[in-house]
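Coordinate analysis (summary)
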Amino acid sequence: MGRTVQITFDAADPARLASFWAAALGYELQAPPPGFDTWVEALTAFGVPPELHNSRSALLDPEGAGPRVFFQQVLDAKAGKNRLHLDIRVAPGLAGDERMAALEAECERLTALGATRLYRVEPDGRLETGFVTMADPEGNEFCLD
């Protein structure tokens, strides 16, 4: 039997973080269940109190190839560096100045959406091809690769 992977983020504000990552990854918010036009309508019908309506959110790859991304609300704030992070592959096949220009363009786009640029690593002509490390709106590190 094959297995699938879901990526789960702990979040203070699942809706906000899901919106950021949907734009970053080209994903879509998961639609409400059949018979409901909105999640608010569905959650209300299911008896979920309004204060819990933003306790979860999920994204799907519109092409169906990538993993589902799930956001769950947690009360404690992020502490310390991520032990796992995502690499967004925005410049596959590119090298040198062309690669770094593509990374910088994506960095600018994501910064406008609420990300923070942390640092840039230059290509070294040996093993390192160059990347930009960023943080999402809640401080989760990720790389533009």
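Everything in this summary refers to the structure shown in the same document. (Residues numbered from 1 in each chain as written. Predicted model: local features only at pLDDT ≥ 70, side-chain atom pairs only at ≥ 80, totals over all residues. Heavy atoms only, no water.)

Now for the environment of Tyr119. Take Tyr119: it is sitting in strand E6 (residues 116-121). Linking Tyr119 and Arg83, residues 36 residues apart in sequence, is a C-alpha distance of 18 Å. Contact partners of Tyr119, with chain neighbours within four places excluded, come to Phe131, Val132 and Thr133. (Helix = DSSP H or I, 4+ residues; strand = E, 2+ residues; numbered from the N terminus. Contact = heavy atoms within 4.5 Å.)

As enumerated under the stated definition, the model contains 6 aromatic pairs in all. Centroid distance Phe9 to Phe71: 5.1 Å. Interplanar angle 15°. Geometry classified as stacked. Residue Phe9 is located in strand E1 (residues 6-11), and its partner Phe71 is located in strand E4 (residues 68-73); the two are separated by 62 residues in the primary sequence. Residue classification places Phe9 among the buried residues on the basis of a relative accessible area of 10%. Their ring planes at 70° and their centres at 5.0 Å tell us that Trp21 and Phe142 sit as a pair that is edge-to-face. Here the residue Trp21 occupies a position in helix H1 (residues 14-25), and Phe142 occupies one in strand E8 (residues 141-144), the gap between them amounting to 121 residues. For the pair Trp21 and Phe142, a shared accessibility class is recorded, and that class is buried. Ring pairing ties together the aromatic residues Phe9, Phe20, Trp21, Phe71 and Phe142, which thus form one cluster. (Phe/Tyr/Trp six-rings, centres within 6.5 Å; stacked < 30°, edge-to-face > 60°. Buried < 20%, exposed > 50% of the residue type's maximum accessible area, 1.4 Å probe, protein only.)

So, about the pairing of strand E7 (residues 131-135). Burial runs high along E7: 5 of the 5 residues are buried. Across 5 bridges, the pairing between E6 and E7 is antiparallel. The residue bridging Val121 from the neighbouring strand is Phe131, located in E7. Pairing of E7 with E8, which is carried by 4 bridges, proceeds in the antiparallel orientation. (Pairing = 2+ DSSP bridges.)

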